[in-house]
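# Structure at a glance
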Amino acid sequence: MKRTGLANRARLVWAIVVKDFVDGFKNKKLLTNTISIIFLVLLYRFLPILGSGSDPTRLVLYDEGESSIVRELDRSEAVRLREVETFEAMVYQVGIEDIHTVGVVLPVDFDQQVLEGERLMLEAIIDHWVNDEDEAYMRADIEPELTRLTGAPVQVNMVREEITQADGAYAFQIAIGLLLVMGMMGMMFTPQLLIQEKESRTLDAMQVSPVTMMDLLIGKGIVGGAYALLMSGFVLLASGQFVLHWWAILIAILAGAFFNVSIGLLLGVILTDQKQVNLWGFIIFQPFIITMVVGMFEPIPNTIRSAMRWFPTVAMGNAAGQSITASVDLGSYFLSILVMFIWGAAFFGVTAFLLRRAEK
Amino acid sequence: MKAIEVKDLHRYYNGVKAVQGISFDVNDGEIFGFLGPNGAGKSTTIKVLTGQLRPTSGSAEVVGCDVVEDRQELKPQIGVVFEYQNLYERLSARDNLQFTARLYGAKKERVDEMLELVGLEDRSKERIQNYSNGMKQRLLIARALVHKPKVLFLDEPTRGLDPGVAREIRSIIANLADSGVTVFLTTHYMEEADRLSDRVAILHQGEIVAIDTPEALKEAYGEEDRATLEDVFIKLTGKDLY
């Protein structure tokens, strides 16, 4: 076979991409799925907020001395207390806790200040994305309660702090949102692009046209990837306020899309109908999502945690989480990106191999 | 010049002999009828000639391109109408043709020309899932011609169509030959093959049992003065057509 020009190949891939996009806009099933995913993303993002309306504020307390008020705060119903040993632990805990969490420092001479009956000013931290409304909500819980318990007027000076760790509730929220949309678009929708061609037997028409199976694979991959990126945009719209490093989240999304779409292409090549895609897409998705949840939250031995870094969804969780921290741990971040690309390239390589073998 | 040259072509599927050593030529600009009962190997032969299947042995050239070695060079030179209606149902006729035109690098005007040729210009923007079988079949022919192929493969192009629509399709095929396109036609309808084909080959159990002009075949194998191609077919294959 003679080598054909790159421009020619690009034209063929572009033709497939344009056709699939036009077809996608007319596909009611795809539109329904898209709306469902958006709904799911919004639900994940805003359900905790809706459900937390009457919850007491979580108070992460770092007591520099041995203040007597701590025992009374523990029994308080206005706040939910969690005491930590160091300032760093307080910052960490505020970063990983869910909505309405404030870290308060009790100075070493707090009891003395209370006895003197002076107006008390306490230093506190909240996450950098907390809005004014939520700040007021927490203030309304904490200040009256501290005033009641001390008998002296208390004012809390809340400072917004950039979080330092990539495995908290908000990192998880972004990561799980991205995995949901990319899993749906990559592992469920992308194979359908190929299955449709098989079921309608339009693939036969492609085979007698100048399109090679590699053109087809790349074209379908681009379409699946574009939909995955588009849907990821909704996750960022919903959770973008947490992000401090946009370059980090965008690279993470690209790598995640590549890895998810590569799995989808493999499924599309080896499976023959829509039902198989639904079944196998669902089955394959489970270990990926479970590993991410376990990898980000569960207290697991360090050896297992180290091994899990090589799992693509754990890597995706870490990379997405890094984007909302004060400073990106570049070594850990780029290792995660590399892991996703390696997995994606491996799946794509296997798919290309199978197609080339079939073509011969 | 020969548009198609097939020499001692074999194709086996898991040990089953679908095509067994067939050899034939198709002349440039000719309508060549390729007839045979179900399972005779017609579709297998078309798949080999269009590069969809590799032959087990033997060789085949279409417009001078080896169907195995020069597969990519062959593709722009042929058009195929499959025996099933494989179109993008959610897209319009125009979208379907534009996609094919893009694949072959054909000019945009060809889309309008083809829509006019098959009489679909008025409904070109409708989704084709609303089309009748006849309209879809006409669109399939338009799709196969959009890039001006030198050889057109038609696999049962009138099967299951109303007589009126089938006649329109036959008229389009006849006009194609007049414009210099070589047509490789498989059909169950002997009258259609008789009327359209310059020459026909009759395939039986993977082998060609006769090849000539319809008139010559009727003369050679017909037992009556008014023998039809169907009579010849039944005599040679021992099978009814339906």
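Residues numbered from 1 in each chain as written. Chains lettered and ligands numbered in written order. Predicted model: local features only at pLDDT ≥ 70, side-chain atom pairs only at ≥ 80, totals over all residues. Heavy atoms only, no water.

Before going further, it helps to spend a moment on the side chain of A:Thr34. Here A:Thr34 lies in helix 2 (residues 28-51). If we ignore the near neighbours within four places in the chain, the residues touching A:Thr34 are A:Met185 and A:Met231. (Helix = DSSP H or I, 4+ residues; strand = E, 2+ residues; numbered from the N terminus. Contact = heavy atoms within 4.5 Å.)

All names here are of chain A. Domain annotation for chain A reports domain 1 (6-48 + 167-359) and domain 2 (55-161). Each of domain 1 and domain 2 has a C-alpha centre, and the two are 42 Å apart. If you look at the interface, domain 1 gives 9 residues, while domain 2 gives 9 residues. At the boundary of domain 1 with domain 2, the tally comes to 0 salt bridges. (Domains from an automatic or database assignment. Salt bridge = Lys/Arg side-chain N within 4 Å of Asp/Glu carboxyl O.)

Attention now moves to the sheet that holds strand 4 (residues 120-127) of chain A. Residues and elements named next belong to chain A. Strands sit in the order 2-1-3-4-5 across an open sheet of 5 strands; the sheet is mixed. Pairing within the sheet leaves two strands with one partner each, and these edge strands are strand 2 (79-84) and strand 5 (154-161). Direction aside, the axes of adjacent strands within the sheet are offset by 30° on average. By the bridge criterion, 6 bridges tie strand 1 (residues 57-63) to strand 3 (residues 101-106) in an arrangement that is parallel. Looking at strand 3, one finds that Asp63 is bridged to Leu106. Sheet contacts for helix 4 (residues 87-96): strand 1, strand 2, strand 3, strand 4 and strand 5; angle to strand 3, the most-contacted strand, approximately 165°. The sheet contacts of helix 6 (residues 132-150) involve strand 1, strand 2, strand 3, strand 4 and strand 5, and relative to strand 5 the element is tilted by about 145°. (Pairing = 2+ DSSP bridges. Axes fitted to C-alpha atoms, helices over the stretch in contact; angles between N-to-C directions.)

The next point concerns the sheet that holds strand 6 (residues 78-81) of chain B. Residue and element names in this part refer to chain B. Sheet architecture is open: 6 strands sit in the order 6-7-8-3-9-10, paired in mixed fashion. In this open sheet, the two strands that pair with only one neighbour each are strand 6 and strand 10 (207-212). The average undirected angle you get between the axes of adjacent strands in this sheet is 15°. The pairing of strand 9 (residues 199-204) with strand 10 spans 5 bridges and is classified as antiparallel. Paired with Ala201 across the strands is Ile211, a residue of strand 10. Where helix 1 (residues 42-49) meets the sheet, its contacts fall on strand 3 (31-35), strand 7 (151-155), strand 8 (182-186) and strand 9, and the angle it forms with strand 7 comes to roughly 150°. Contacts from helix 8 (residues 214-221) reach strand 9 and strand 10 within the one sheet, and its direction differs from that of strand 10 by about 110°.

With 25 residues of chain B at the interface, the matching set in chain A holds 29 residues. At the boundary of chain B with chain A, total buried surface from both sides reaches about 2600 Å², with 57% on carbon and sulfur atoms. Between chain B and chain A we count 2 salt bridges in total. Measuring nitrogen to oxygen at the nearest pair gives 2.9 Å for the salt bridge that ties B:Arg90 to A:Asp23. Here chain B is connected to chain A by 14 residue pairs in polar contact (both at pLDDT 80 or more). Where the side of chain B that touches chain A is concerned, the elements lending two or more residues are helix 2 (71-74) and helix 3 (93-104) of chain B. With 5 residues, helix 3 of chain B is the single largest residue contributor to the side of chain B that touches chain A. (Buried area = accessible area lost by both parts, 1.4 Å probe. Polar contact = N/O pair within 3.5 Å; in protein donor to acceptor, adjacent residues only side chain to side chain.)

Once that is clear, we can look at the nonpolar core. Across soluble globular proteins, you tend to see nonpolar side chains buried next to one another. Membership of the largest hydrophobic core comes to 86 residues, with the highest contact counts inside it found for A:Leu73, A:Val102 and A:Ile324. No other element matches the 16 residues that helix 7 (residues 169-199) of chain A contributes to this core. Three or more residues apiece are contributed to this core by two domains, here domain 1 (6-48 + 167-359) and domain 2 (55-161) of chain A. Once residues within four sequence positions are removed from consideration, A:Leu73 is found in contact with A:Leu59, A:Leu61, A:Val79, A:Leu81, A:Leu146 and A:Leu149. In this structure, B:Val111, B:Leu139, B:Leu152 and B:Leu154 belong to the second largest nonpolar core, which totals 35 residues. (Core = buried A, V, L, I, M, F, W, Y, C linked by side-chain atoms within 4.5 Å. Buried < 20%, exposed > 50% of the residue type's maximum accessible area, 1.4 Å probe, protein only.)

Side chains that differ in charge, positive against negative, can pair when their charged atoms come close. The tally for this structure, following the rule as stated, stands at 23 salt bridges over all chains. Taken together, the salt bridges that share partners define one network made up of A:Asp132, A:Glu135, A:Arg139, A:Glu143 and A:Arg160.

Attention now moves to the packing of aromatic side chains. All told, the structure shown has 21 aromatic pairs over all chains when counted by the stated rule. With centroids separated by 6.2 Å and ring planes inclined at 20°, the aromatic side chains of A:Trp247 and A:Phe334 adopt a geometry described as stacked. Here A:Phe334 lies in helix 14 (residues 330-359) and A:Trp247 lies in helix 10 (residues 246-270), a separation of 87 residues in the sequence. Taking NZ or CZ as reference, B:Arg11 lies 4.9 Å from the ring centre of B:Tyr13, over its face. (Phe/Tyr/Trp six-rings, centres within 6.5 Å; stacked < 30°, edge-to-face > 60°. Lys NZ or Arg CZ within 6 Å of the ring centre and 35° of its normal.)

Now for the packing of helix 7 of chain A against helix 10 of chain A. When two helices pack together, their arrangement is given by the angle between their axes and by how far apart the axes lie. Residue and element names in this part refer to chain A. Two elements in contact, helix 7 and helix 10, have axes whose closest approach is 7 Å; the angle formed by their N-to-C orientations is 35°. Considering only the axes of helix 7 and helix 10, their crossing is right-handed. The residue makeup of the contact of helix 7 with helix 10, split by class, is 16 nonpolar, 7 polar and 1 charged. (Left-handed = near helix turned anticlockwise from the far one by under 90°. Nonpolar A, V, L, I, M, F, W, Y, C, P; charged D, E, K, R; others polar.)

What follows covers the environment of A:Thr101. All names here are of chain A. Topologically, Thr101 is positioned in strand 3. Classification of Thr101 as buried rests on a relative accessible area of 3%. In sequence terms Thr101 and Leu81 are 20 residues apart; their C-alpha atoms lie 9.9 Å from each other. Setting aside its immediate chain neighbours within four residues, Thr101 contacts Arg58, Val60, Val94, Ile125, Ile126 and Met138.

All names here are of chain B. For Glu30, the location among the structural elements is in the loop between strand 2 (16-27) and strand 3. Accessibility expressed as a relative area gives 7% for Glu30, which makes it buried. Note: C-alpha distance between Glu30 and Val151 (121 residues apart in sequence) is 9.5 Å. If we skip the residues at most four places from it in the chain, Glu30 touches Val181, Thr182, Val183, Asp198 and Arg199. Within the structure, Glu30 has its side chain in polar contact with the backbone nitrogen of Asn27 (distance 2.9 Å).

It is worth spelling out the packing of helix 3 of chain B against helix 5 (residues 133-145) of chain B at this point. All names here are of chain B. Helix 5 packs onto helix 3 with a crossing angle of 25° between their chain directions and a minimal axis gap of 9 Å. With respect to their mutual orientation, helix 3 and helix 5 come out roughly parallel. Seen from above, helix 3 lies across helix 5 with right-handed handedness. Packed against helix 3, whose contacting residues are Ala93, Asn96, Leu97 and Thr100, the element helix 5 presents Leu139, Ala142 and Arg143 at the interface. Residues that form the contact of helix 3 with helix 5 fall into these classes: 4 nonpolar, 2 polar and 1 charged. (Parallel < 35°, antiparallel > 145°, perpendicular 65-115°, else oblique.)

On the surface, a cluster of nonpolar side chains totalling about 370 Å² of accessible area is made up of A:Phe39, A:Leu40, A:Leu43 and A:Leu47. In this structure, A:Leu43 sits in helix 2. (Patch = residues over 30% accessible without salt bridge, like charges linked within 9 Å, V, L, I, M, F, W, Y side chains within 5 Å. Areas by Shrake-Rupley, 256 points an atom, 1.4 Å probe, with all protein chains shown as cover.)

What follows is about helix 1 (residues 6-25) of chain A. Note that an α-helix has 3.6 residues per turn; residues three or four places apart therefore point the same way. With 20 residues, helix 1 of chain A should cover 28 Å at 1.5 Å per step; its first-to-last C-alpha distance of 29 Å lies within 8% of that length. Burial in helix 1 of chain A covers these residues: A:Arg9, A:Leu12, A:Val13, A:Ala15, A:Ile16, A:Val17, A:Val18, A:Lys19, A:Asp20, A:Asp23 and A:Gly24. (Expected span 1.5 Å × (residues − 1).)

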